[in-house]
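Now for the letters of each chain:
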2 protein chains.
Amino acid sequence: MKIPPVKGTRDFYPQDMAVRNWIIDGWKKVSLRNGFEEYDGPIFEYLKMFQLKSGDEIVEQLFSLTDRGGRELALRPEITPTLARMVNQKINSLTKPIKWFSVPRLFRAERPQKGRLREFFQWNIDIIGIDDVLADAETIFCALDYLQQVGLTSDDIVVKISSRKMLAEVLQTTGIAEKELEALYAILDKRSRLPIETFERMLSETVGDKEGCRKILELMSVESVEQVSSLFELSEKAKKSVDELQRLFELLRTMGIADFCVFDIGVVRGLAYYTGIVYEIYDRAGELRAIGGGGRYDDLLKQFGGPTIAATGFGIGDCVLEILLREKGLLDKQLPKSRLDYFIACVDKVYEEAVVKLAMKLRLAGYAANFSYKPVKLKKQLKDASEQNAQKCIIIGDEFKNNELVVKDMATGRQELIDYDEFLVQYTKSK
Amino acid sequence: MKIPPVKGTRDFYPQDMAVRNWIIDGWKKVSLRNGFEEYDGPIFEYLKMFQLKSGDEIVEQLFSLTDRGGRELALRPEITPTLARMVNQKINSLTKPIKWFSVPRLFRAERPQKGRLREFFQWNIDIIGIDDVLADAETIFCALDYLQQVGLTSDDIVVKISSRKMLAEVLQTTGIAEKELEALYAILDKRSRLPIETFERMLSETVGDKEGCRKILELMSVESVEQVSSLFELSEKAKKSVDELQRLFELLRTMGIADFCVFDIGVVRGLAYYTGIVYEIYDRAGELRAIGGGGRYDDLLKQFGGPTIAATGFGIGDCVLEILLREKGLLDKQLPKSRLDYFIACVDKVYEEAVVKLAMKLRLAGYAANFSYKPVKLKKQLKDASEQNAQKCIIIGDEFKNNELVVKDMATGRQELIDYDEFLVQYTKSK
C-alpha cells in the first residue's frame, strides 16, 4: 500500500531541510540582533478566534477540525491573533515595549500555486506599546536587515508603503462612510491582481455613486504623498496622517534603507485589522507574489478583550523568498554543507569493538563521527567517508595490534600513523 | 471578547521558548555529532496512513480533519509513518544506511495529564538499512549521549530493554498463534500500568486456556536474558533472538553505557509495528511516564509499499523530559540568558536621528542592539538597558555636540567618553 503526501504540503528531505534551516536560522539571527525575543503559540486555536478579525480571505482558507469534546478548532493561518491573545493574557506583567518575533508554521486551505502552499513558515516580528512611526520604520528595517544579509539589494526588492489611516481619512472626505471602509479595502487590495474593468465594476457595485468612484480612482492613481495633499482637500486628521507618512520616509532615510522604499497608495493589505502604516515587499521585477507585508494594528488587542495599545509588525513567508533567492543565485552558494569530523573505517571484524569505542568517544567529546557497520572493502569505506563529507578518515586495521591508527586527511589525501593513546589525548579533548 | 487557548496546548512566552529552544538545540547538536541528518514531513497526512500500522492506542487519539476536497486528513501523532513514506518515495536514490533525525511537532487528542499534552515535540532518530543490533545499540547510545550531556546520570535514568522477536518466539512455543500476538502485545504493554487482577483478567480473556496464561505470567516474571533460556525450551529462532539480545548488551558495554541499561521483559511498546529490540527510557525513581522509547521495525517500509528493509529508531518527547530536568535542578542553570550587546539611551529628542542611525549600524555589523523610543529620564533608560541584560549602554547626550559618546559598562558601572568616529571604526566592524 503506497500513500502519497497531501497536495500543497512539503516533504523536507535532508537537502530541503538544509534550505529551511538556513532561512529560519537567518530570520532568528536578525530578529535577535534587532532586539526581539522569540515566542510561539499552539498550532491550533478556537475557530472563532480567527473568524473574529482576520478578514474574509483568510477565514475562507481555514483548515477547521472538531475535537472529541465537540470544540470547533482551526489550524492557525496566521499568528497575530495568537499574539494578541497571549499579550492580553499577561498584559500587566509584560514590560513594554514588547518586541517579539516568531517563526510559526501556518496553514491555508487554498489551491496550491507557485509560491503559495497549504503549509508554510512565516517570519513574524511585532512591536507592541509604541505608537510612534519609529516602530513601523524599525520593523521595515528589520525585514531589510535580513533581506540584505542574504544578498538582496534595492535592485532586487522594493518595499511599497502606504497608510490606511490616510486612505480612510481621504476616502471619508470623498463621501465614503466609515462602515463601508472594510468592504472597500478588500476590493482595493485586489486591484493590482484584477483586470481594470473587473476592478471598476466591483468598485461601482460597492460605492454606488459615479462621482465617488471617480474620486477613488483619482486617489488610487496618485504617485507621491505630496500629490495626495495637492489633489485633495484634507481634513486635520488626514493632514496628520500625511505628516506621519512623511516622518516615516525620513526615518527610513536615517536608517539607510530609503533606496528600498517607495510610496504606493495601492498597498492596502487583505487583513481586516490594519489601522495605520501598511507595506508590502515585492521583487522589483514584479514577477512574484508579495515576499511579505505588514503594518500597524492599534485596535486588535482591544478587540480581543485587552486594553487599547499600539502595535505594528510584519510577516514574511518562506515560499516566495526561497523562489526569489534561487532565481537570484543566492541560495545554493550560501547553504552550509553538512560535514563529519571523522569517519572510522574498519578493516576487519576483529576491530569492531575498537571502532565502536573510538566513534563513541569522539562523539562524547563533541566531534561528529560515523563508522562502518561492516568491514567491507576499504575502498568502499573511503567512498562512504567522502560521500559523508568527512574531514578525516581513521582507519583501524592491523596497525592497531601495535596500538596505532591510520589517520587520512580527506582533502589532501595525506595519511599519518598515530599512536592510539596519543590520538585520544590530542583529539578527544572536549571540542 | 476574550478567547482562551485550547486545553492541552502551550503558549510559549519568551521564557518558555528559551526552554523549548534549549532542549531542541541540544537534540539537534547530539544528532549531528552522531552522524544523523535532519528531515521533516508535513503536519498532516492522509488519515489512513496512521490507521494502517500505528496500533489502536494512537489511532484513537488522532485529530482528524476533512479538507474542502473531502479528503480525510489527520494531524500527525508520530513521524515514523511519514518517514516510511518519504524513504519509500526515494528508496533507490538514497544512500544506505539512512541515518536521519527529526524534531516533529506531534498531536494526540487525549486527556491532558502531567507530562502528556495534546501538542508536543518529539526527538526522533532512525537508522534504515542495518539489520545488525549494532544499529539498535547506536540509537540507544545517541539517546544517552543527549541525556548525559544535559547532566542526567545512571542514578537518574534507566533504559529498559527487551526483544519482541524473542517474546514472539517464546510465546509461540507456549502455544500462542502468530495472529494472536498483536492483541497480546497490547495487553502486555499495559501490564505495569494496570492492577494485577485487571491484567490477569484481560490476559485470560485473550488467551483462553489456563496453562497458557500461567506460562505467560511465568515468562513475564523473568529477570534476566539467561533466565529465559533456563526456564523455557527454546526453538532455534528463539535462541537466535536471545543471542542477539546478549550481543546488544555487549555492545552497550563497549559503548560505555551499560550502567544505564537493564533487561526488562515487560517492555513491549504500544505501537503495532515493532519487530525486534524494543526499549523504553524511565526515571529511576519510577515516578514519571516513559521519557522515550524505540525499537526495530523491519517490516514497516514494506507494509507502506516499499522494499523489505531493516529499520530501528526512537522517539523522546519534550514534556516528561522537561519535568525531569526541572526536578533534578538541571534546567534553569543551563538555560542560555538572552542578552543585548548594546542599549542606546537618548538624552534629548534632538539626538533621535543619531540614536537611530547608530543602533542600525550596530545591528548591520552583527551586534544585538536596542534603543530608547523616547528621551525619557536617563535613569529609566538605564533601567531598561539593565532589564534587557545589555552588556553596554551607549548614552547619546550633549557630548554628541563634540562628536562624543558615553559608553557605560553595565557589569562594572564604568563609563568612558569615546569619539563617535573612533567608536564606529572600533565597534562596528562585522562581528
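The shown structure was predicted, so the numbers you read here are calculated from the model rather than taken from an experiment.

*Asks:* Would you take a moment to explain the sheet that holds strand 16 (residues 404-409) of chain B for this structure?
*Replies:* Residue and element names in this part refer to chain B. Ordered by their spatial adjacency, five strands build an open sheet running 14-13-15-16-17, and the pairing between neighbours is mixed. Edge positions in the open sheet fall to strand 14 (369-371) and strand 17 (415-419), since each of these has one partner strand only. Strand-to-strand twist in this sheet, taken as the mean axis angle between neighbours without regard to direction, amounts to 25°. Across six bridges, the pairing between strand 13 (residues 340-346) and strand 15 (residues 390-396) is parallel. Residue pairing in the sheet places Ile-344 in a bridge with Ile-394 of strand 15. Where helix 15 (residues 378-387) meets the sheet, it contacts strand 13 and strand 15, and its direction lies at approximately 170° from that of strand 13. Against the sheet, helix 16 (residues 420-427) touches strand 16 and strand 17, its axis set at about 95° to strand 17.

*Asks:* Would you mind going over the interface of chain B and chain A with me for this structure?
*Replies:* Many structure descriptions define interface size as the accessible area lost when the parts assemble. Contact residues are listed per partner, giving 71 residues for chain B and 71 residues for chain A. Sort the elements by how many residues they give to the side of chain B that touches chain A and helix 14 (residues 352-364) of chain B lands first, with six residues. Its residues assigned to classes, the side of chain B that touches chain A shows 38 nonpolar, 12 polar and 21 charged.

*Asks:* Please explain helix 4 (residues 80-89) of chain A as it appears in this structure.
*Replies:* Side chains of residues three or four places apart in an α-helix project in the same direction, reflecting 3.6 residues per turn. Residues and elements named next belong to chain A. Within helix 4, eight of the 10 residues are buried, which leaves the element mostly enclosed by the surrounding structure. Among the residues of helix 4, Thr-80, Pro-81, Thr-82, Leu-83, Ala-84, Arg-85, Met-86 and Val-87 are the ones counted as buried. Among the structural elements, strand 2 (44-46), helix 2 (47-53), strand 5 (98-102), strand 7 (119-128) and helix 12 (300-303) are those in contact with the buried residues of helix 4.

*Asks:* Any chance you could explain the relation of the copies chain B and chain A here in plain terms?
*Replies:* Each of the two chain copies can be brought onto the other by rotation about an axis and movement along it. Overlaying chain B on chain A yields an RMSD of 0.0 Å, the required transformation being a rotation through 180° with an accompanying axial translation of 0.0 Å. The operation mapping one copy onto its partner corresponds to a two-fold rotation axis. Distance from the rotation axis, computed per C-alpha, reaches its smallest value in chain B at Leu-65 of chain B: 2.5 Å.

*Asks:* Teacher, can you tell me more about the pairing of strand 5 (residues 98-102) of chain B here?
*Replies:* Remember that side chains alternate between the two faces of the sheet whenever the strand is regular. All names here are of chain B. Of all five residues that make up strand 5, five are buried, and the element is covered over most of its length. Side-chain alternation along strand 5 places Ile-98, Trp-100 and Ser-102 on one buried face and Lys-99 and Phe-101 on a second face that is also buried. By the bridge criterion, two bridges tie strand 1 (residues 37-38) to strand 5 in an arrangement that is parallel. The residue of strand 5 that forms the bridge with Glu-38 is Phe-101.

*Asks:* What is the right way to look at the packing of helix 8 (residues 196-207) of chain B against helix 9 (residues 210-220) of chain B in this model?
*Replies:* The geometry of a pair of packed helices is captured by two quantities: the angle between their axes and the separation between those axes. Residues and elements named next belong to chain B. Following both chains from N to C, one finds helix 8 and helix 9 inclined at 130°, their axes separated by 9 Å at the closest point. In terms of orientation, helix 8 lies oblique with respect to helix 9. Both helix 8 and helix 9 take part in a crossing whose hand is right-handed. Between helix 8 and helix 9, the residues in contact are Leu-203, Ser-204 and Val-207 and Gly-212, Cys-213 and Ile-216, respectively.

*Asks:* Would you take a moment to explain the domain arrangement of chain A for this structure?
*Replies:* Structurally, chain A comprises domain 1 (14-334) and domain 2 (340-427). Distance from the C-alpha centre of domain 1 of chain A to the C-alpha centre of domain 2 of chain A: 53 Å.

*Asks:* What am I meant to see in the pairing of strand 15 (residues 390-396) of chain A here?
*Replies:* All names here are of chain A. Most of strand 15 is tucked away: five of the seven residues are buried. Pairing analysis gives four bridges linking strand 15 to strand 16 (residues 404-409), with the strands arranged antiparallel. Bridging across to strand 16, Ile-395 finds its partner in Val-406.

*Asks:* Explanation requested: helix 7 (residues 181-190) of chain B in the structure shown.
*Replies:* All names here are of chain B. Buried residues of helix 7: Leu-184, Tyr-185 and Leu-188, and no others. Across the axial projection of helix 7, the buried residues extend over an arc of 105°, all falling on one side. For helix 7, the exposed residues set more than 90 degrees away from the buried face come down to Glu-182 and Ala-183. In this structure, the buried residues of helix 7 make contact with helix 6 (164-173), helix 8 and helix 9.

*Asks:* Help me out: how do you make sense of the sheet that holds strand 13 (residues 340-346) of chain A in this one?
*Replies:* Two modes of strand pairing occur in sheets, parallel and antiparallel, and in both the strands are linked by backbone hydrogen bonds. All names here are of chain A. Read across the open sheet, the five strands follow the order 14-13-15-16-17; overall the sheet is mixed. Of all the strands in the sheet, the pair left with one neighbour each is strand 14 (369-371) and strand 17 (415-419). For this sheet, the mean angle separating the axes of adjacent strands, direction not counted, is 25°. Summarising the sheet, strand 13 and strand 14 pair through three bridges and their orientation is parallel. Residue pairing in the sheet places Ile-344 in a bridge with Phe-371 of strand 14. With respect to the sheet, helix 15 (residues 378-387) is in contact with strand 13 and strand 15, its orientation differing from that of strand 13 by roughly 170°. Packed on one face of the sheet, helix 16 (residues 420-427) meets strand 16 and strand 17 and runs near 95° to strand 17.

Cut-offs applied
Residues numbered from 1 in each chain as written. Chains lettered and ligands numbered in written order. Predicted model: local features only at pLDDT ≥ 70, side-chain atom pairs only at ≥ 80, totals over all residues. Pairing = 2+ DSSP bridges. Helix = DSSP H or I, 4+ residues; strand = E, 2+ residues; numbered from the N terminus. Axes fitted to C-alpha atoms, helices over the stretch in contact; angles between N-to-C directions. Contact = placed C-beta atoms within 7 Å. Nonpolar A, V, L, I, M, F, W, Y, C, P; charged D, E, K, R; others polar. Buried ≥ 20, exposed ≤ 12 C-beta atoms within 10 Å, placed from the backbone. Least-squares fit on C-alpha atoms with pLDDT ≥ 70 in both. Parallel < 35°, antiparallel > 145°, perpendicular 65-115°, else oblique. Left-handed = near helix turned anticlockwise from the far one by under 90°. Domains from an automatic or database assignment. Arc of directions from axis to C-beta.

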